[in-house]
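Tertiary structure, described
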Amino acid sequence: MPTRASDLVTLGLRIRHFRGERGLTLDQLGDRVGLAGSQLSLIENGRREPKLSTLQDVATALAVPITELLSGEAPNTRAALEIELARAQKNPLYGALGLPTVKVTKGMPLAALESLLGLHRELARLASEAIATPEEARRANTELREQMREQDNYMPDIEQLAEDQVRASGHLSGALTHREVSVMAEQLGFNLIYVNDLPGSTRSVTDLVNHRIYLPPASIPGGHGLRSMALQAMGHRLLGHERPDSYAEFLWQRLQINYFAAACLMPRNASVAFLANAKRERELSVEDFRDAFGVTHEAAALRLTNLATSHLEMPLHFLRVNGDGALQKGYENDGLPLPVDVTGSIEGQYVCKQWSARSAFTHTNRTTEFYQYTDTPVGTFWSATQTGAADGGEFSISVGVPFAQAKWFRGRETAQRAVSRCPDESCCRRPASEVSSRWAGKAWPSARLHAHVLSPLPSGTFPGVDDTEVYEFLEAHAAE
Ligand SMILES: [Zn+2]
């Protein structure tokens, strides 16, 4: 039996179609099936669901098989348009507009029907354009990452823009102050306003009429996050951004404003001078860079990826990994084999358990950076990892370089070594065959959903679950 409202509309139209073919009025058919004409009318209009026995009687009276009545197809072209319009008007997209529902009648001119439908179709098209599918989002993200890799994660135009803006604010050296950020906004003709009721889906809102940039309240006065958000909002203006008309453009704009904000907080000339000096002293470290410019560890690590290759002649990699080992963000131009899915996307993929990005979680002293040399199939890498915790749980930030570059960094003398054979699955992805055969088919883990919007479900026996970990967990607890 049809249950959806749109199916009832189709059913009603099919009954009306066959009744018309037989030359019967509503009352005449009603007499034959024991219903008042008005009740039959409700069924034909899709407003009432007929009982199965009634439907059988109607089919018999019209001399058609019941399956013919229940077919999902419109009986003719006009009916198909009526069904489509009825469906479109029930769509939440239309409901959200708060407009009345037009009753579709036999007497409605075909042109009116077609005109209304045309508008509904366009509404649906525009709405679907605005929402990127996860596949589109992942593809756009991967393309952007590959493009940035080609240019060594460096954008000279934005570097210069940030350099000029920061200088104009009167900033001399060290951390960019909150006051200097406000001056930058004023020079752009904007006031920074802190509010408690910023829409939940926004980071900032710019009022182009009254020249205000609304920001969330300063929970930590002068916090890095707030300066960064204000700078990002200014970045949109300075870079002449218009409303993005694709997801790829949206991502590109976001990358540009993030880059601009980072380049203001850690201006190129001062940063390169600081880093080049540290390199000369063989004391390069993300920690020191972070503290010198008053930013987060992640911001400093990412900024290093902008400048290391273009100004310090050094390829490198950056990883932000969740407590469960899934990659949240990654960049490399030093050949480190990042885990990728079939589309080439890295977000949500599990990095090798031997990498410092994961082994640092089990390290006892977490207040300082954890250093490690890792032998991989493409060579040895040195890396420094800092772990931390945020609302979403634990995470680690790693910056690493090929062995030959390790000599410039503090922590190069570490005795910590590991061997990674990934992407060979026998390295850390596949359970030992003995364990696997003992538990295969005898476990049912329930996957935890990834918070990251772009996260795919890692492939395995159970979507979204690392079976090796599940099996190891079972092994450990089964013995208890
Ligand atoms: Zn591995």
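Reference entry: report on the structure contained in this document. (Residues numbered from 1 in each chain as written. Predicted model: local features only at pLDDT ≥ 70, side-chain atom pairs only at ≥ 80, totals over all residues. Heavy atoms only, no water.)

1. Brief notes about the coordination of the zinc ion
Every protein donor of the zinc ion is accounted for by C352 (SG), C422 (SG), C427 (SG) and C428 (SG), and the metal-donor separations fall at 2.2 to 2.4 Å. Given four donor atoms and angles of 93 to 116 degrees at the metal, the environment of the zinc ion is assigned as tetrahedral. Counting gaps between the donor residues of the zinc ion yields the pattern C-x69-C-x4-C-C. Each member of the pair C427 and C428 is classed as buried. (Donors = N, O, S within 2.8 Å, 3.2 Å for Na, K, Ca; no water. Tetrahedral: all angles 85-135°; square planar, octahedral: opposite > 155°, others 65-115°. Buried < 20%, exposed > 50% of the residue type's maximum accessible area, 1.4 Å probe, protein only.)

2. What to know about the packing of aromatic side chains
Throughout the structure, instances matching the rule amount to seven aromatic pairs. One aromatic cluster is present, built from ring pairs that chain together F274, F289 and F293. When the ring centre of F395 is taken as origin, the NZ or CZ atom of R320, which lies over that ring, is 3.9 Å away. (Phe/Tyr/Trp six-rings, centres within 6.5 Å; stacked < 30°, edge-to-face > 60°. Lys NZ or Arg CZ within 6 Å of the ring centre and 35° of its normal.)

3. As for the sheet that holds strand β5 (residues 327-332)
Here we have six strands laid out as an open sheet, ordered β5-β4-β8-β7-β6-β9, and mixed in their pairing. A single partner strand is all that each edge strand has here, and the edge strands are β5 and β9 (417-419). The average undirected angle you get between the axes of adjacent strands in this sheet is 25 degrees. As defined by bridge partners, strand β4 (residues 317-322) adjoins strand β8 (residues 393-402) across six bridges and the pair is classed as antiparallel. When the bridges of β8 are listed, N322 appears paired with F395. (Pairing = 2+ DSSP bridges. Helix = DSSP H or I, 4+ residues; strand = E, 2+ residues; numbered from the N terminus. Axes fitted to C-alpha atoms, helices over the stretch in contact; angles between N-to-C directions.)

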